[in-house]
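# Summary of structural features
The lines below spell out each chain.
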Amino acid sequence: MELQFTLKGSFKTSADASPAKDVIDAFFTEANETILTKGAPEGEGARIVEWDIDGDRINLVVKSGKHVRVHDALLRVRKPLAAKLGKEFHIGVRGIDVESYIIELPSEKPLGELKIPYVSSIVYDNGIITLTLDVGESELENRVPDRILKLMEDKIAALSYGGKGEHWEILWESEKKEHVFSGDPTKEMVKQGWLKRGASRGQWIHGAQSTRMFRTFERIVVEELLEPLGYNEMIFPKLVPWEVWEKSGHAKGVYPEIYYVCPPKTRDPKYWEEVSDYYKVTHEVPTAMIKEKIGDPIGGMCYAQCPPFWPYLQGETIPTDEFPIKVFDRSGTSHRYESGGIHGMERVDEFHRVEIVWAGTPEQVVAHSKELQERYLHIFNDILELEWRKAWVTPWFMAQEGLDGISEQGEIGTIDYEAPLPYRGDGGEWLEFQNVSVNGNKYPSGFNVKCQSGDELWSGCSGVGLERWSSVFLAQKGLDPDDWPEEFRKRVGEMPRGLRFL
């Protein structure tokens, strides 16, 4: 079964349309062979299958497949029908009423219970999902049915796409290495006082030793990658409003993982006095009371570090010789609600990252991705001496949008860097600790960034997660500096002594 649309509705007219019955009949007959077939393969246009006149209404039933959808069909005939009725009968077309709008689409599995705007019912039966839409003229003009259909197709594709591992292809792997340490690095760091759990979930307080590791990794990235490749440092915002995530595409699905930000409704101390008084008396923070006094969420804490950079370029036309643009940010934390996935230092809600962003023509962006990969190879092999591998990953959203071919050519997509954690045992968990992504025109297009020459613009990003680098390095090398590679020892210097407690 293929995609099918059925719309039952009417054109509202300024007077009884009965005198124009023959003209309307001829018009609809011709439209079925002309207006409603434009852009569709032969025999696959929309069709007006039934119609009648009821006073000041022209009722009709339109059916179609995927090529000329029924709402487009209705909008296509509205203007020429109005012109014909106006010229010959002085009858105007005043609007469109929709009595029912049904979409049937194939799916191997049901999608479960869903609540979707403008959808009054979703029924699954024998491989077919039937959507009943509650839409009017405004929603037809604003292409709401198209967006509902795209959403459903995405959900169906996500069901069949499966997990990331199914679309994973190894690109390179280092030789096996003998690991001098087999303990859990986080537990050992806590035991030796390198770090302590923070007051919030998924949060650590890093002591002098752990902080020295982070700063050394940062310095290696700056000296061995960012400076040689001509990057400039910037500071990106860490509070991200909805308008940024709408343009970056994250607003489609970021909701389960972000920390929301809600401003107070007012700064007036009198408005907040009861909250202060409650705490002073009870020594308990009245969260329910606070909830009533804060506004709607304006966005969230930094989730993916590069989107808040793009408003800097938004709406600008940039000289051709400025490309490729290469910038990085290391100015603050990122926050991601990990739910049940928290473990040690490698999976946290609050983490530290150096975010690397570049933009230019497609050729420049792809070429620079390769330069980055060469610098990472040097760092991981010659300085950190890790056992690691890199793999090509097709993001599920690309697969479902039919972009697998582009991804397979190695142009748009993500390269994940993974390393084994010895304490997980032979053949145990490999941790993703680095990535390089070519994002195509996603961000330049979303933020309306143009090149003076008119060339298409692409961008890429690469996140250096300091918690992940530390977790991988210490899992393989341990916490004793004598066991660390000489090149890394030279850069880290003498490790500081942390605080002592009685």
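Take the sheet that holds strand β6 (residues 128–133) next. Pairing is antiparallel in the open sheet, where 6 strands are placed in the order β2-β3-β1-β4-β6-β5. Here the strands that pair on one side only, and so sit at the sheet edges, are β2 (47–53) and β5 (119–125). Going across the sheet, the axis of each strand differs from the next one's by a mean of 15°, ignoring polarity. Bridge count for strand β1 (residues 4–13) against strand β4 (residues 93–106) is 10 bridges, and the pairing is antiparallel. Along β4, the bridge assignment pairs lysine 8 with serine 100. Where helix α1 (residues 21–33) meets the sheet, its contacts fall on β2 and β3 (57–64), and the angle it forms with β2 comes to roughly 170°. Lying on the sheet, helix α2 (residues 70–89) is in contact with β1, β3 and β4; it crosses β1 at an angle near 25°.

Turning our attention to the packing of α1 against α2. Between α1 and α2, the shortest axis-to-axis distance is 11 Å and the interhelical angle comes to 150°. With respect to each other, α1 and α2 are oriented roughly antiparallel. The two elements α1 and α2 meet at a crossing, and its hand is right-handed. Contacts between α1 and α2 involve Val23, Ile24, Phe27, Phe28 and Ala31 from the first element and Val77, Pro80, Leu81, Lys84, Leu85, Glu88 and Phe89 from the second. Looking at the contact of α1 with α2 residue by residue, the class counts come to 10 nonpolar, no polar and 2 charged.

Between its terminal C-alpha atoms α1 stretches 19 Å, which fits the 18 Å expected from 13 residues at 1.5 Å a residue. Looking at α1, one finds that the buried residues are Ile24, Phe27, Phe28, Ala31 and Asn32. Buried residues of α1, seen end-on, are gathered within an arc of 135° and therefore sit on one face of the element. Summarising the geometry of α1, the exposed residues directed more than 90 degrees from the buried face are Asp22, Glu30 and Glu33. Contacts made by the buried residues of α1 are with β2, β3 and α2.

What follows deals with the pairing of strand β18 (residues 389–393). Most of β18 sits out of view: 5 of its 5 residues are buried. Every second residue of β18 is oriented toward a common face, with Arg389, Ala391 and Val393 on one face and Lys390 and Trp392 on the other, all of them buried. Where strand β7 (residues 168–173) meets β18, 5 bridges bridge the pair, whose relative direction is antiparallel. Opposite tryptophan 168, over in β18, you have valine 393 as the bridge partner. Here β18 runs beside strand β19 (residues 413–420); their pairing, made up of 5 bridges, is antiparallel. The residue of β19 that forms the bridge with arginine 389 is glutamate 418.

The next thing to look at is the sheet that holds strand β11 (residues 239–241). With antiparallel pairing, the 3 strands of this open sheet are ordered in space as β11-β13-β12. This sheet does not close on itself; its edge strands, each paired only once, are β11 and β12 (260–261). Here β12 runs beside strand β13 (residues 299–301); their pairing, made up of 2 bridges, is antiparallel. From the neighbouring strand, tyrosine 260 faces β13, where its bridge partner is glycine 300.

Bringing the environment of serine 182 into the picture now. Relative to the helices and strands, serine 182 is located in the loop between β7 and α5 (185–191). Look at serine 182 and you get exposed, because its relative accessible area is 57%. For the pair serine 182 and leucine 474, spaced 292 residues apart in sequence, the C-alpha to C-alpha distance is 9.7 Å.

A word on the packing of helix α6 (residues 208–226) against helix α14 (residues 466–477). The contact between α6 and α14 brings their axes to 10 Å, and the two run at 105°. With respect to α14, the element α6 is oriented roughly perpendicular. On α14, the residues touching Met213, Phe214, Phe217, Glu218 and Val221 of α6 are Leu466, Glu467, Trp469, Ser470, Phe473 and Leu474. Residues of the contact of α6 with α14, tallied by class, amount to 8 nonpolar, 1 polar and 2 charged.

Attention now goes to the nonpolar core. Grouped together as the largest cluster of nonpolar side chains are 55 residues, with contacts concentrated most on Met213, Ile356, Tyr376, Phe380, Leu384 and Trp469. Of all elements in the fold, only α6, β17 (350–360), α10 (362–383), β19, β20 (430–440), β22 (458–465), α14 and α15 (486–492) reach the threshold of two or more residues within this core. Element by element, the count of residues in this core is highest for α6, at 8 residues. Beyond its immediate stretch of four places on either side in the chain, tyrosine 376 contacts Leu225, Ile356, Tyr417, Gln434, Val436, Ser462, Val464 and Trp469. If you look at the next biggest cluster of nonpolar residues, it comprises 43 residues, including Ala40, Ile103, Val144 and Met152.

With 12 residues, α14 should reach 16 Å at 1.5 Å per residue; the first-to-last C-alpha distance of 16 Å fits that figure. Along α14, 11 of the 12 residues are buried, which leaves the element largely enclosed by surrounding structure. Of all the positions in α14, only Leu466, Glu467, Trp469, Ser470, Ser471, Val472, Phe473, Leu474, Ala475, Gln476 and Lys477 are classed as buried. Immediately beyond the C-terminal end of α14, within one or two residues, lies glycine 478, with a positive phi of roughly 80°.

Our focus in this paragraph is the pattern of salt bridges. Enumeration over the complete set of coordinates arrives at 28 salt bridges. One salt bridge connects arginine 78 with glutamate 141, and the closest N-O pair in it is separated by 3.0 Å. Remark: glutamate 141 occurs in helix α3 (residues 137–141) and arginine 78 occurs in helix α2; sequence separation between them is 63 residues. A relative accessible area of 23% means that arginine 78 is categorised as partly exposed. Residues participating in the shared-partner salt-bridge network are Glu223, Glu224, Arg375, Glu487, Lys490 and Arg491.

Attention now goes to the environment of glycine 425. The topology assignment puts glycine 425 in the loop between β19 and β20. Taking the C-alpha atoms as reference, glycine 425 lies 8.3 Å from serine 182; in sequence the two are 243 residues apart.

Basis of the calculations
Residues numbered from 1 in each chain as written. Predicted model: local features only at pLDDT ≥ 70, side-chain atom pairs only at ≥ 80, totals over all residues. Heavy atoms only, no water. Pairing = 2+ DSSP bridges. Helix = DSSP H or I, 4+ residues; strand = E, 2+ residues; numbered from the N terminus. Axes fitted to C-alpha atoms, helices over the stretch in contact; angles between N-to-C directions. Contact = heavy atoms within 4.5 Å. Parallel < 35°, antiparallel > 145°, perpendicular 65-115°, else oblique. Left-handed = near helix turned anticlockwise from the far one by under 90°. Nonpolar A, V, L, I, M, F, W, Y, C, P; charged D, E, K, R; others polar. Expected span 1.5 Å × (residues − 1). Buried < 20%, exposed > 50% of the residue type's maximum accessible area, 1.4 Å probe, protein only. Arc of directions from axis to C-beta. Core = buried A, V, L, I, M, F, W, Y, C linked by side-chain atoms within 4.5 Å. Salt bridge = Lys/Arg side-chain N within 4 Å of Asp/Glu carboxyl O.

Purely geometric stuff here, so don't read any function into it on its own.
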